[in-house]
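In case you want the letters, here they are:
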Amino acid sequence: LIALSMLALVGFFGTVSEINKRFSFETPAPGGTWKEGIVGSPHVVNPVLAISDPDRDLVSLIYSGLMRSDGKGKLAPDVAESYEISPDGLSYTFALRPEAEFHDGKKVTAEDVVFTVGLAKNPAVKSPLRANWEGVEAEATDERHVRFTLKRAYAPFLENTTLGIMPKHVWGKISPNEIPLSPINLKPVGAGAWRVDEVSLKESGIVDSYTLKSFRAYPLGEPYIRKMVLRFYPSEVELLNAYEVGAIDAASAISPHNIRKVQRQGGEIKKLTLPRVFGIFFNQNEKSLFVEKEVREALNLATDKERIIKEVLEGYALEVNSPIPPGVFGALEHTEGEFNLERARAGLEKAGWMKNKETGIYEKIENKKVAKEFSFSISTSNASDLVRAADIIKQNWEALGAKVEVLVFETSDLNQNVIRPRRYDALLFGEVVGRDPDPFAFWHSSQRNDPGLNIALYTNRKADQALEKARSSFSPEERERQYEEFQKEVIADIPAVFLYSPYFIYIVPKTAQGFGTENIVTPAERFSNAPKWYFSTAHVWNIFKKP
């Protein structure tokens with residue numbers, strides 16, 4: 001009788017389970033805590049002032065903009081419900097979601113948007129985003145609608161609208177001069193998916209951790225992960241030590257050479273594409289031998305990019321051969337570069353260079369005298385990956401027949417005393433390309449001198465025209481065509497040797513689901529889809545399924 005009863009119970013529950021599976025669906029379940037470690041410490045958790053990665057990370061979780069990254073390389077509405085662009089591209093009108101509110105319960109209005117843009121533009125605030133808003137007028141046409149008016153059409157303008165919206169009722173009482181020093185910067189009120197619950201400080205007063213709780217009124221839906229704990233560490237070594245002992249379950253911006261040292265199980269390595277291009281940029285004004293295209297072409301052929309990616313970046317990078325990296329709008333179809341020392345030597349010798357039999361260095365002889373020696377320096381930043389890459393390139397180019405000196409500078413010294421005055425022969429450096437690349441600042445001839453960013457001092461009329469047309473056109477097809485024309489000119493001219501685009505390495509718990517993010521523009525965008533992340537699931541009957 002007992003055995004029969006047990007069989008009956010098993011059968012009953014099995015039947016119920018089968019019915020439950022057949023007439024229900026699996027859905028993410030709320031709950032769990034996300035514990036992540038970050039190198040550095042936050043100081044100004046403010047959308048118009050954030051410069052450091054820790055500040056930007058917190059801003060991305062606490063604040064919402066009109067638009068947001070979708071984690072796939074595009075933008076999607078956030079606080080905005082919809083938007084319209086005028087035919088001439090000079091006016092952008094946004095409608096705000098009526099249910100959008102700040103963490104203190106106050107509604108998000110068009111006046112808050114106008115106020116935030118005003119702070120970004122105010123010289124007294126000293127926002128690093130000020131240049132993005134120059135020539136842009138913001139107007140609240142009513143409580144829910146804001147209009148931006150531009151002086152000239154600028155296709156990538158939508159990127160500006162990811163700026164986190166600051167509540168006027170909180171910040172409006174503070175003088176613009178005092179905003180950077182306000183204590184509110186460390187316990188801000190935003191309209192994002194998470195709100196500040198607790199800020200923990202060390203005895204020294206430095207921020208130790210932030211505890212955030214999910215915001216029920218977030219208009220895109222309350223996050224499944226109810227609590228986010230972000231802990232801050234002074235170095236990558238301490239960050240990884242904390243990961244190994246279980247103090248954190250996620251760690252971001254890990255160096256490739258440290259990934260192999262991770263021993264703890266239970267983590268998953270995410271490789272996110274971050275649109276950065278590293279290369280060696282030739283200064284033809286400083287070193288006349290670079291004026292010869294044959295020289296630049298030989299150096300390009302003599303660069304073993306595959307070895308750099310394998311030995312320096314542990315394979316966590318993509319080879320690049322053009323100014324716009326793979327995965328970004330307008331990028332050319334990926335092609336492998338050619339590493340060919342023999343062809344490089346043949347090109348030099350055809351151009352009149354002869355190798356000195358004693359030194360092994362190429363020279364140009366004019367009137368029976370050495371007119372030029374194949375000798376120059378490479379300047380770069382004191383970052384381990386860049387120094388190691390420079391050493392490999394030095395070996396490559398010396399094997400070709402060049403005399404190469406690597407000059408290493410601290411970052412601030414490199415920027416102020418080398419890059420800005422353009423005092424370098426060749427520069428090993430990286431450029432951060434946006435979601436909408438707009439390479440104008442890096443490659444247009446008008447940007448050759450400081451504060452322009454054209455570090456190759458590149459001049460090409462056709463390339464200039466393509467860049468100008470691309471940034472003023474609102475047709476994706478036309479812009480893509482112009483970017484292709486621009487890149488063809490650059491590839492043909494070889495003003496730089498393009499090397500690689502490194503991945504952003506992010507360790508997350510294997511139990512986390514719904515990640516979805518692939519392409520990011522800043523490290524903070526790894527949180528683009530964080531409200532959709534979850535740890536567990538539940539079965540819900542179909543009758544409760546939302547249409």
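Residues numbered from 1 in each chain as written. Predicted model: local features only at pLDDT ≥ 70, side-chain atom pairs only at ≥ 80, totals over all residues. Heavy atoms only, no water.

**Remarks on the side chain of Ser-375**
Of note, Ser-375 is situated in strand 19 (residues 375-381). Look past the residues within four positions of Ser-375 in its chain and what remains in contact with it is Lys-287, Leu-289 and Lys-403. (Helix = DSSP H or I, 4+ residues; strand = E, 2+ residues; numbered from the N terminus. Contact = heavy atoms within 4.5 Å.)

**Some details on the environment of Glu-84**
Turning to its location among the elements, Glu-84 is positioned in strand 5 (residues 80-85). With a relative accessible area of 60%, Glu-84 lands in the exposed category. Spatially, the C-alpha atoms of Glu-84 and Pro-28 are 34 Å apart, while their sequence positions differ by 56 residues. Here Glu-84 is in contact with Ser-91, Tyr-92 and Thr-93, once residues within four sequence places are set aside. (Buried < 20%, exposed > 50% of the residue type's maximum accessible area, 1.4 Å probe, protein only.)

**What to know about the environment of Ser-501**
Checked against the element boundaries, Ser-501 lands in strand 22 (residues 496-509). With 70 residues separating them along the chain, Ser-501 and Glu-431 place their C-alpha atoms 9.6 Å apart. In this structure the side chain of Ser-501 is engaged in a polar contact, spanning 2.7 Å, whose partner is the backbone oxygen of Arg-276. (Polar contact = N/O pair within 3.5 Å; in protein donor to acceptor, adjacent residues only side chain to side chain.)

**Describing empty space enclosed by the protein**
Taken as a whole, this structure holds three cavities of 30 Å³ or more when the rule is applied. In this structure, the largest cavity occupies an estimated 70 Å³ of space. Leu-66, Val-113, Thr-116, Val-117, Trp-133, Phe-148, Asn-160, Thr-161, Leu-163 and Ile-165 are the residues that line the largest cavity. Per-element tally for the lining of the largest cavity: the top contributor is helix 3 (residues 110-121), with three residues. Residues of the lining of the largest cavity, tallied by class, amount to seven nonpolar, three polar and no charged. Its volume calculated, the second largest cavity comes out at about 50 Å³. In this structure, the second largest cavity is lined by Thr-273, Leu-274, Leu-318, Pro-325, Pro-326, Ser-501, Pro-502 and Tyr-503. The leading source of residues in the lining of the second largest cavity is strand 22, at three residues. (1 Å grid on protein atoms, 1.4 Å probe; cavity = no way out; pocket = protein on both sides within 12 Å on 5 of 7 lines; lining within 4 Å. Points joined across faces, edges and corners; volume = space filled by probe spheres on them. Nonpolar A, V, L, I, M, F, W, Y, C, P; charged D, E, K, R; others polar.)

**Description of the sheet that holds strand 6 (residues 91-96)**
The antiparallel open sheet is built from four strands, whose spatial order is 5-6-8-7. Edge positions in the open sheet fall to strand 5 and strand 7 (136-142), since each of these has one partner strand only. Here the average twist between neighbouring strands, direction ignored, is 20°. Bridge count for strand 7 against strand 8 (residues 145-150) is six bridges, and the pairing is antiparallel. Within strand 8, the position partnered with Ala-140 by the bridge is Val-146. (Pairing = 2+ DSSP bridges. Axes fitted to C-alpha atoms, helices over the stretch in contact; angles between N-to-C directions.)

**Observations regarding the layout of surface pockets**
For the second largest pocket, the calculated volume is near 710 Å³. Taken together, 28 residues form the lining of the second largest pocket, with Gly-73, Lys-74, Phe-329, Asp-436 and Arg-479 sitting closest to its centre. Looking at the lining of the second largest pocket, the elements with two or more residues in it are strand 4 (75-77), strand 5 and helix 15 (476-493).

**Notes on a nonpolar patch on the surface**
A contiguous nonpolar surface patch, about 240 Å² in accessible area, is contributed by Tyr-83, Ile-85 and Phe-474. Looking at the secondary structure, you find Phe-474 in the loop between helix 14 (461-472) and helix 15. On the basis of relative accessible area, Phe-474 is assigned to the partly exposed category, the value being 35%. (Patch = residues over 30% accessible without salt bridge, like charges linked within 9 Å, V, L, I, M, F, W, Y side chains within 5 Å. Areas by Shrake-Rupley, 256 points an atom, 1.4 Å probe, with all protein chains shown as cover. Salt bridge = Lys/Arg side-chain N within 4 Å of Asp/Glu carboxyl O.)

**Points about the packing of helix 14 against helix 15**
Between helix 14 and helix 15, the least distance of the axes is 8 Å, while the angle of their chain directions is 160°. If you check the angle between helix 14 and helix 15, you find them roughly antiparallel. The interaxial crossing formed by helix 14 with helix 15 has left-handed handedness. From helix 14, Lys-462, Ala-463, Ala-466, Leu-467, Lys-469 and Ala-470 reach across to helix 15, where they touch Arg-479, Gln-482, Tyr-483, Glu-485, Phe-486 and Glu-489. (Parallel < 35°, antiparallel > 145°, perpendicular 65-115°, else oblique. Left-handed = near helix turned anticlockwise from the far one by under 90°.)

**Quick notes on helix 10 (residues 341-350)**
Of the positions making up helix 10, those classed as buried are Ala-344, Arg-345 and Leu-348. In a view along the axis of helix 10, the buried residues occupy a sector of 95°, so they form one face of it. Facing away from the buried surface of helix 10 by more than 90 degrees, the exposed residues are Glu-342 and Lys-350. The inward-facing, buried residues of helix 10 contact helix 8 (293-301), strand 16 (353-355), strand 17 (362-366) and helix 11 (384-400). Sitting at the amino-terminal end of helix 10 is Asn-340, which places a side-chain oxygen 3.3 Å from the backbone nitrogen of Glu-342. Positive backbone phi, approximately 100°, marks Gly-352, located one or two places after helix 10. (Arc of directions from axis to C-beta.)

**Focus on the sheet that holds strand 17**
One key point about sheets: their strands pair by backbone hydrogen bonds, in either a parallel or an antiparallel sense. Strand order in the open sheet formed by three strands is 16-17-18, and the pairing between neighbours is antiparallel. Of all the strands in the sheet, the pair left with one neighbour each is strand 16 and strand 18 (369-373). Shown here is a sheet whose adjacent strand axes are inclined to one another by a mean of 50°, direction ignored. Relative to strand 18, strand 17 runs antiparallel, the two sharing four bridges. In the strand pairing of strand 18, Ile-365 is matched with Val-370.

**Topic: the packing of helix 10 against helix 11**
Their axes nearest at 10 Å, the elements helix 10 and helix 11 cross at an angle of 55°. Viewed along their axes, helix 10 and helix 11 adopt a mutual orientation that is oblique. Here the hand of the crossing between helix 10 and helix 11 comes out right-handed. Of the residues in helix 11, those touching helix 10 at Leu-341, Ala-344, Arg-345 and Leu-348 are Asn-396, Ala-399 and Leu-400.

**Comments concerning the side chain of Gln-487**
Note that Gln-487 resides in helix 15. Accessibility expressed as a relative area gives 0% for Gln-487, which makes it buried. Setting aside anything within four residues of it in sequence, one finds Gln-487 in contact with Ser-322, Pro-323, Ile-324, Gly-330, Ala-331 and Leu-332.

**Quick notes on the pattern of salt bridges**
If you walk through the whole model with that rule in mind, you get 26 salt bridges. One salt bridge connects Lys-35 with Asp-249, and the closest N-O pair in it is separated by 4.0 Å. Taken together, the residues Lys-35 in strand 2 (residues 33-39) and Asp-249 in the loop between helix 6 (236-244) and strand 12 (250-252) connect sequence positions 214 residues apart. Asp-249 gets classed as buried once you look at its relative accessible area, which sits at 18%. Notably, a salt bridge pairs Arg-526 with Glu-36, separated by 2.9 Å at the nearest N-O pair. Highlighted residues: Arg-526 in the loop between strand 22 and strand 23 (536-541) and Glu-36 in strand 2, separated in sequence by 490 residues. You'll find Arg-526 and Glu-36 in the same group, each marked buried.

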